[in-house]
Every structure is written in structure tokens, then in C-alpha cells.
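Descriptive structure summary
These are the residues of each chain, in order.
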Amino acid sequence: MAAVLNSVRAFFAQNAFTIDTENPGDVVARENLLDQVMGPNRRRKSSETLRRGRIPAEGLALVARDPDGHVIGTVRLWNVEAGVSREGVPVDALMLGPLAVDAACEGRGIGGALMRAAIGEAKTRGHGAILLVGDAPYYERFGFFAAKAQHLVMPGPFERNRFLALELKDGWLEGAAGIMVASGCAFARTAR
């Protein structure tokens, strides 16, 4: 009986993780994870132009940690303007990405947990919509669909069928059209 209990404990300990707010001590681990998962061309993507030199939206940089506190997953959301409304007013939204999970930890529900936490926190903070570029079959289960982003474009090349949106407030993107632009805070540059 003890062997069975130890096997069960080992199984659940192996699958245990927590979702936490990213802190400054996570930067190196996060960047190494993104390099590992996304590859050497990750900084050339159109969505990266919206993130470059910017700070993630307040409270919307999350990590998954293993029981020892190591970063095994990450997701961040960024303030953007999703084109303009019919009245010509910029439409505030969030851009999600990248979402990444350590390859050694895949299949444990970490990516899904990060997505649910990010969406929940964005909604709690009063945001109206989230956009992303990703695989529709994966993201549709969270409510992201291409139809909601059909009149928006990325600043650079992108695949239309991978440009997806989720409205956190009904009708938020209705009538929104145009190019997405970064609207979040820029990193503070220090003088040398």
C-alpha cells in the first residue's frame, strides 16, 4: 500500500504547478524559456513590433512555477489600440503573447491554466478584448475567433486565419477597423 501511495504522490507532485505574477527575478528564466520554445526568429514576428520597448499591461504578466519555484510557463498581455471605432475613436484592447510552456512539462494543462488566469485577470481589470496570433484550434476553446478580428490588421505580415480575438465585454470590437498599434507604457531608459 505504501508503494501505491508513494506512486500517486510522485504523479501529483510531478504535475503540480502554480500560476503567479511575474516578478523581476523571472526575467532571465522567462527569456530563456521563450528562446527555447519559440526559436531564434521569435523577435522577428509582427506581434513583437507591438511589444518591443513596452511594459506588459499592469498585472498581466504571469508565470507558471514548478514546486521548486522554477518558471515552466509564461504568458503576457500588452496594451494596444485595436484600430478605431466607427466614430474614429481608438479601441483599447490587449494583445496576448507569447504563451510558452517548457517542453519537458507539456501535456500537464499549464498552457490552459495560464490562458484561463490571463483571461480572468484581464476581465477583472475591466479590459474589453484580447487579440492574439496563434493556432485557431487551440485558442478557440478559450473563445478566440478570427471573425472578431476580421477588420483589423497587424503592423507587418501576418496570417489572417491565425489573427484571433476574444471580447471580454460584448460588442467591444464591433465596428473596430484598422491597424493595431502599441499603446502601453514604454520601458524607462536610464541615462549613462
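The coordinates are above.
Given the structure is predicted, the values throughout are model-derived calculations rather than measurements.

Checked against the element boundaries, arginine 51 lands in helix α3 (residues 46–51). Arginine 51 has contacts with Trp78, Gly97 and Pro98, leaving out every residue within four places of it along the chain.

The tally for this structure, following the rule as stated, stands at 9 salt bridges. The salt bridge involving glutamate 22 is made with arginine 76; its shortest N-O contact spans 3.5 Å. Linking glutamate 22 in the loop between β1 (18–21) and α2 (27–38) with arginine 76 in strand β3 (residues 71–84), this pair joins segments that are 54 residues apart in sequence. Like arginine 76, glutamate 22 is buried. Here the salt bridges share partners, and the residues they tie into one network are Glu22, Arg30, Glu31 and Arg76.

Rules and cut-offs
Residues numbered from 1 in each chain as written. Predicted model: local features only at pLDDT ≥ 70, side-chain atom pairs only at ≥ 80, totals over all residues. Heavy atoms only, no water. Helix = DSSP H or I, 4+ residues; strand = E, 2+ residues; numbered from the N terminus. Contact = heavy atoms within 4.5 Å. Salt bridge = Lys/Arg side-chain N within 4 Å of Asp/Glu carboxyl O. Buried < 20%, exposed > 50% of the residue type's maximum accessible area, 1.4 Å probe, protein only.

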